[in-house]
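Breakdown of the fold
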Amino acid sequence: MRTIQRYHLNHPTEDYIDIAYNMAIDRYGNVYEGRGRNVRSGANGTSTANRVSAAVVLLTGPGDLNYTPAMLSALKVMAAGYHGLHVHKDWVGRGTVCPGPQITAAVRKITPGAAVPTTPSGEHPLVAIKRAVDAASRQVLRRGSKGPAVFWLQVLLNQRRAAGLRVDSDFGPDTERAVRDFQSDIKRFFGFSNKQMPVDGIAGPKTWYWLLAS
Ligand SMILES: [Zn+2]
């Protein structure tokens, strides 16, 4: 995200004031805020397009074939909140080859404005997930802990650390090892003391902080 932002801010001809994209989606389906959903876009190629549409970039790296199902799922959730969904070349025609045929075909299959998926509480699922993770991160979890907070700990360890844990909401020896490995990596990476980053297999505030920040 920073690389793209730097590229845009140093752009030789466009007078961008921020990253041009409103949102971004990575290979794992994580969604990042660019200039933000309700800010006029800078990436669609025409001023009309920028006025009426937000721009989402799929962080595939070069090429069209590197998109993932997780990316498309995230885009689908996002598109549910919009009236229409276009690809870049819908706006600028031959002015761009972006995106290529594979992504174009995949995006065409997504129905924008579909029933916005909601949770029983009526929240947008991404909001509900954030709330659940926030609540989980206020708990101290250790061997023997059980329940939804452990579920989110395991999901994060798998997603961010490829820990390969079975997500069973039960803090057993494998989860403990994964927490310890994570703590030890953070400690080594930042050169922390034992006090700054205890390697104890207990997910407390410091561990959660780095899990959510990394
Ligand atoms: Zn494009």
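How each quantity is defined
- Residues numbered from 1 in each chain as written.
- Predicted model: local features only at pLDDT ≥ 70, side-chain atom pairs only at ≥ 80, totals over all residues.
- Heavy atoms only, no water.
- Donors = N, O, S within 2.8 Å, 3.2 Å for Na, K, Ca; no water.
- Helix = DSSP H or I, 4+ residues; strand = E, 2+ residues; numbered from the N terminus.
- Buried < 20%, exposed > 50% of the residue type's maximum accessible area, 1.4 Å probe, protein only.
- Axes fitted to C-alpha atoms, helices over the stretch in contact; angles between N-to-C directions.
- Parallel < 35°, antiparallel > 145°, perpendicular 65-115°, else oblique.
- Left-handed = near helix turned anticlockwise from the far one by under 90°.
- Contact = heavy atoms within 4.5 Å.
- Nonpolar A, V, L, I, M, F, W, Y, C, P; charged D, E, K, R; others polar.
- Domains from an automatic or database assignment.
- Salt bridge = Lys/Arg side-chain N within 4 Å of Asp/Glu carboxyl O.
- Patch = residues over 30% accessible without salt bridge, like charges linked within 9 Å, V, L, I, M, F, W, Y side chains within 5 Å.
- Areas by Shrake-Rupley, 256 points an atom, 1.4 Å probe, with all protein chains shown as cover.
- Pairing = 2+ DSSP bridges.
- Polar contact = N/O pair within 3.5 Å; in protein donor to acceptor, adjacent residues only side chain to side chain.

Here we look at the coordination of the zinc ion
- Each protein donor to the zinc ion is listed here as His88 (ND1) and Cys98 (SG); together their distances run 2.0 to 2.2 Å. Taken as a pair, His88 in helix 4 (residues 88–92) and Cys98 in the loop between helix 4 and helix 5 (101–108) lie far apart in primary sequence, 10 residues in all.
- On the basis of relative accessibility, which here comes to 25%, the residue His88 falls in the partly exposed class.
- Residue classification places Cys98 among the partly exposed residues on the basis of a relative accessible area of 35%.

Some words on the packing of helix 7 (residues 148–161) against helix 9 (residues 205–213)
- Between helix 7 and helix 9, whose axes approach to 10 Å, the crossing angle comes to 45°. Here helix 9 runs oblique to helix 7, going by the angle between their axes. Read as a crossing pair, helix 7 and helix 9 show a hand that is left-handed. Touching Ala149, Trp152, Leu153, Leu156, Leu157 and Arg160 of helix 7 are Trp208, Leu211 and Leu212, all from helix 9.
- Grouping the amino acids of the contact of helix 7 with helix 9 by side-chain chemistry returns 8 nonpolar, no polar and 1 charged.

Observations concerning the domain arrangement of the protein
- Taken domain by domain, the protein holds domain 1 (2–108) and domain 2 (125–213).
- Between the C-alpha centres of domain 1 and domain 2 there is a distance of 32 Å.

Things to note about the pattern of salt bridges
- Counted under the stated rule, the structure contains 8 salt bridges.
- Between Arg143 and Glu176 there is a salt bridge, with its nearest N and O atoms 3.1 Å apart. With Arg143 in the loop between helix 6 (125–136) and helix 7 and Glu176 in helix 8 (residues 173–190), the pair connects residues that are 33 residues apart, well separated along the chain.
- The residue Lys146 makes a salt bridge to Asp170 at a minimum N-O spacing of 3.7 Å. You can see Lys146 sitting in the loop between helix 6 and helix 7 and its partner Asp170 sitting in the loop between helix 7 and helix 8, a full 24 residues away along the chain.
- Classification of Lys146 as exposed rests on a relative accessible area of 61%.

Some thoughts on the packing of helix 6 against helix 7
- Packing of helix 6 against helix 7 brings their axes to within 9 Å, and their N-to-C directions diverge by 105°. Here helix 6 is positioned roughly perpendicular relative to helix 7, judged by the angle of their axes. On helix 7, the residues touching Ile129, Ala132, Val133 and Ala136 of helix 6 are Ala149, Trp152 and Leu156.
- Residues that form the contact of helix 6 with helix 7 fall into these classes: 7 nonpolar, no polar and no charged.

As for a nonpolar patch on the surface
- A cluster of nonpolar side chains, namely Val31, Leu126 and Ile129, defines an oily patch on the protein surface of about 220 Å² accessible area.
- Positionally, Val31 belongs in strand 2 (residues 31–33).
- For Val31, a relative accessible area of 35% gives the class partly exposed.

Focus: the sheet that holds strand 3 (residues 56–58)
- Taking strand neighbours across the sheet as the criterion, the 3 strands line up as 2-1-3 in an open arrangement whose pairing is mixed. The open sheet has two edge strands, strand 2 and strand 3, and neither has a second partner. Strand-to-strand twist of the sheet, defined as the mean angle between neighbouring strand axes without regard to direction, takes the value 25°.
- Two elements, strand 1 (residues 23–25) and strand 2, share 3 bridges in a ladder whose sense is antiparallel. Residue pairing for strand 2: Ala24 is matched across the bridge by Tyr32.

Re the side chain of Asn50
- With respect to the secondary-structure elements, Asn50 resides in helix 2 (residues 47–52).
- The class of Asn50 is buried, set by a relative accessible area of 10%.
- Side-chain polar atoms of Asn50 contact the backbone nitrogen of Ala43, separated by 3.4 Å.
- In this structure, Asn50 is in contact with Arg40, Ser41, Gly42, Ala43, Asn44 and Gly45, ignoring residues within four places of it in sequence.

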